[in-house]
Amino acid sequence: MKLLDDLSLPESPQSTTRRRFLSTTTLGALGVTLAGTLAICGRFLWPSVLFEAPSRFLAARIGDVLRRPILFLRKRRVYVVRDERGVFSESAVCTHLGCLTRPNPGNDGFFCPCHGSRFALDGTVIKGPAPDPLAHFKTEQRDEHLWVDVSVEEDRDVRIKV
Ligand code: FES
């Protein structure tokens, strides 16, 4: 047995390098394949949905509306407005190119800082270039609170008596 061992040729440094190279390359390719497969499988563990705030939300208390004629819900891009006929909610997004409008300093309407459109308190266009009035949204009173649903447009004449 010893004779056979003595006869076997020692591995050359070159073949060892080739073997290591092939092993490393094979393991690397397997690793990359496995990582890609896991990434693709992991992608299906999370739903492909866009998480948005609910369209119906608690907008204000009646007391807040009675104190101020315009409540600007900036995050929701909505105004809750009180005029002589009652309370309603309307979009704060300009109908020209979508800028966020602001209440006039006298709270008698709204203006758009982008191109100068002006709107009456009920959202009617007073001065362009905005082509359309501000949209009104469905507004409901529950106890002492006002709820607004921005997914439902409301007729422009609808008001809540407070
Ligand atoms: S975006 Fe409001 S006037 Fe142009």
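In this text the structure is predicted, and so the values were computed from the model without any measurement.

**Q** Go over the domain arrangement of the protein, please, and point to the residues and values.
**A** According to the domain assignment, the protein contains domain 1 (2-43) and domain 2 (56-153). Between the C-alpha centres of domain 1 and domain 2 there is a distance of 69 Å.

**Q** Give a detailed account of the pairing of strand β10 (residues 145-153), specifying residues and quantitative values.
**A** Pairing geometry for strand β1 (residues 56-61) and β10, over five bridges, is antiparallel. Opposite F57, over in β10, you have V148 as the bridge partner. Pairing of strand β9 (residues 136-142) with β10, which is carried by six bridges, proceeds in the antiparallel orientation. By the bridge assignment for β10, K138 is matched with D149. Linkage of β9 to β10, two consecutive antiparallel strands, is achieved through a turn of two residues, within which D143 is found at a positive phi near 55°.

**Q** Got a sec to walk through the nonpolar core? Specific residues and values, please.
**A** Core analysis: the biggest nonpolar cluster contains 15 residues, and V78, V80 and L146 have the highest contact counts within it. Elements with a minimum of two residues in this core: β1, β3 (78-83), β4 (86-91) and β10. The residues touching V78, leaving out its near neighbours within four places in the chain, are A59, L73, S89, S91, A92, F137, V148 and V150.

**Q** Tell me what's going on with the sheet that holds β9, and back it up with residues and numbers.
**A** Spatially, the six strands line up as an open sheet ordered β1-β10-β9-β4-β3-β2, and their pairing is antiparallel. Each of the sheet's edge strands pairs with one partner strand only, and the pair in question is β1 and β2 (70-73). On average, each strand axis in the sheet is tilted by 30° relative to the strand beside it, whichever way the strands run. In the sheet, β2 pairs with β3 via four bridges, with the strands oriented antiparallel. Its bridge partner being in β3, L73 is matched across the sheet by V78.

**Q** Any details on the sheet that holds strand β6 (residues 109-111)? Residues and values, ideally.
**A** Read across the sheet, four strands follow the order β5-β6-β7-β8 without closing on themselves; strand pairing throughout is antiparallel. Because the sheet does not close on itself, it has two edges, and the strands there are β5 (102-103) and β8 (125-127). As judged from the three bridges shared by β6 and strand β7 (residues 118-120), these two strands associate in the antiparallel manner. What sits directly across from F111, in β7, is R118.

The rules behind these values
- Residues numbered from 1 in each chain as written.
- Predicted model: local features only at pLDDT ≥ 70, side-chain atom pairs only at ≥ 80, totals over all residues.
- Domains from an automatic or database assignment.
- Pairing = 2+ DSSP bridges.
- Helix = DSSP H or I, 4+ residues; strand = E, 2+ residues; numbered from the N terminus.
- Core = buried A, V, L, I, M, F, W, Y, C linked by C-beta atoms within 7 Å.
- Buried ≥ 20, exposed ≤ 12 C-beta atoms within 10 Å, placed from the backbone.
- Contact = placed C-beta atoms within 7 Å.
- Axes fitted to C-alpha atoms, helices over the stretch in contact; angles between N-to-C directions.

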